[in-house]
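Here are the chains, one letter per residue:
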Amino acid sequence: MGQLAFFSAETDEPGVADLAGLLAGPGQSASTKSGTRVSVVVADVWRAQAIAAEMRATGLDAEVTRSDEGSPLARTASISGLDDLHRRWSTGAVKTMPAGWVPTPRALRFWVLAAGREDVRGQYLLGLDPHCPQSHAPLATALMRAGIAPTLVGTRSVAPALRVSGRRRLSRLAEYIGVPPTGAPASEWPVAQ
């Protein structure tokens, strides 16, 4: 039997600040007169459905729809309760990771749901936003603060990511994010080794 995880997405209370995990990956926040909306375009319908369910668990209204290009998209309603998250993760019109941010287990779960995937056997990738290269190194540091030391890969490609490898790191990530949602292929979810 493995050691009990004291911090995991299954034991933490959900909160709107956890949506930062979407912003660490490809997610976006947009401020309007009616408040802020957080959205993310993903590769698979199961991802969008799981993200919307996690958004609802935080008490937010959420929907699954399609992007203009036809990809699955999960998004919150525009509300003022997300304004602080938007301010912390934005500098003008540019998405920027706040200094000192440490991802919570639920934020890591959001990140994995949005942009996590198996790389090669024994390695896992957390996708980064290719339009925000200035955030890649700080996000690697943030993940280190959570006890998972990654390697930055693909910085010159359209698919930059943080690679998590090694039994201990992968096990820690798997323990933090909890069980996979319904419909998630085994290769898209890290497992404790």
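Our subject is the structure that appears above.
All residue numbers here refer to positions counted from 1 along the written sequence of the relevant chain. Where local features are concerned, this predicted model is filtered to residues with pLDDT of at least 70; where side-chain atom pairs are given and counted, the filter is 80 or more; whole-chain, interface and lining totals use all residues. Think of the side-chain values as coming from all heavy atoms in the structure, minus any hydrogens and water.

Draft legend 1. Geometry of the overall build of the chain. Under the DSSP-based scheme used, a helix requires at least four consecutive residues in state H or I and a strand at least two consecutive residues in state E, with every element numbered from the N terminus. Across its full length, the chain holds 6 helices and 10 strands. Scaling as 2.2 N^0.38, a compact globule of 193 residues should have a C-alpha radius of gyration of about 16 Å, and the chain matches this with 15 Å. If one aligns the C-alpha atoms of the chain with their principal axes, the spans along those axes are about 50 × 35 × 35 Å. Buried residues are those whose accessible area, probed at 1.4 Å on protein chains only, stays under 20% of the maximum for their type, while exposed residues exceed 50% and partly exposed ones sit between those limits. Burial status across the chain gives 47% buried among its 193 residues. Throughout, a contact is declared for two residues whenever any of their heavy atoms are within 4.5 Å. Long-range pairs, those at least 24 residues apart, make up 65% of the contacts in the chain between residues at least 6 apart in sequence. One way to put it: in the chain the 20 positive side-chain charges average out to a point 6 Å from where the 17 negative ones average out. Here the globule rule is a power law, 2.2 Å times the number of residues to the power 0.38, and the radius of gyration is based on C-alpha atoms. In this tally, Lys and Arg are treated as positive and Asp and Glu as negative; His is ignored, and so are the chain termini. Just so you know, the charge point we use is NZ for Lys, CZ for Arg, CG for Asp and CD for Glu.

Draft legend 2. Expanded view of the sheet that holds strand β2 (residues 35–41). The strand order across the open sheet built from 4 strands is β1-β2-β4-β3, with neighbouring strands paired in antiparallel fashion. Two strands bound the open sheet, and with one partner strand each, they are β1 (28–32) and β3 (62–66). Within the sheet, the average angular offset between the axes of one strand and its neighbour, ignoring direction, is 25 degrees. When DSSP finds at least two bridges between two strands, those strands are taken to pair. Helix axes are fitted only over the stretch in contact, all axes being lines through C-alpha atoms; the angle between N-to-C directions runs from 0 to 180 degrees.

Draft legend 3. Quick look at the packing of aromatic side chains. Here the aromatic set is Phe, Tyr and Trp, taking the six-membered ring for Trp, and pairing holds for ring centres within 6.5 Å; pairs whose planes are under 30 degrees apart are stacked, those over 60 apart are edge-to-face, and all others are tilted. Applying the stated rule across the entire model yields 1 aromatic pair. Ring geometry for Trp89 against Trp101: centres 5.0 Å apart, planes inclined by 80 degrees, an arrangement best described as edge-to-face. Taken as a pair, Trp89 in the loop between α3 (83–88) and β5 (90–91) and Trp101 in the loop between β6 (94–95) and α4 (105–115) lie far apart in primary sequence, 12 residues in all.

Draft legend 4. A look at the nonpolar core. Throughout this description, the term nonpolar core refers to a set of buried Ala, Val, Leu, Ile, Met, Phe, Trp, Tyr and Cys residues connected via side-chain atoms within 4.5 Å. Within the largest apolar cluster, 47 residues are counted, with the highest numbers of intra-cluster contacts made by Leu19, Leu22, Ile51, Trp89, Trp101, Trp111 and Leu139. Mapped onto this core, the elements with two or more residues apiece are α1 (20–24), β2, α2 (45–57), α4, β8 (123–127), α5 (136–145), β10 (161–165) and α6 (167–177). Looking at which element gives the most residues to this core, the answer is α4, with 8 residues. Not counting chain neighbours up to four residues away, the residues in contact with Leu139 comprise Ala24, Trp89, Met97, Trp101, Trp111, Leu128 and Leu162.

Draft legend 5. Local environment of the sheet that holds β10. Spatial strand order, β7-β8-β10-β9: 4 strands in an open sheet with antiparallel pairing. Bordering the open sheet on either side are β7 (116–118) and β9 (151–153), each of which pairs with just one other strand. Taken pair by pair, the neighbouring strands of this sheet meet at an average axis angle of 30 degrees, ignoring direction. Two elements, β8 and β10, share 5 bridges in a ladder whose sense is antiparallel. Looking at the pairing, Gly127 lines up with Ala161 of β10. Lying on the sheet, α6 is in contact with β8 and β10; it crosses β10 at an angle near 110 degrees.

Draft legend 6. Summary view of the pattern of salt bridges. The working definition used for a salt bridge is a side-chain nitrogen of Lys or Arg within 4 Å of a carboxyl oxygen of Asp or Glu. Within this structure, the stated rule accounts for 8 salt bridges. A salt bridge links Glu188 to Arg47, with the nearest nitrogen and oxygen atoms 2.4 Å apart. One end of the pair, Glu188, is in the segment after α6; the other, Arg47, is in helix α2, and 141 residues separate them in sequence. Overall, Arg47 belongs to the buried group, its relative accessible area being 4%. Between Arg75 and Glu63 there is a salt bridge, with the nearest N and O atoms lying 2.5 Å from each other. Of this pair, Arg75 sits in strand β4 (residues 72–76) while Glu63 sits in strand β3, and the two are 12 residues apart along the sequence. Residue classification places Arg75 among the partly exposed positions, given a relative accessible area of 24%. Three or more residues joined by partner-sharing salt bridges are found here, namely Asp44, Arg47 and Glu188.

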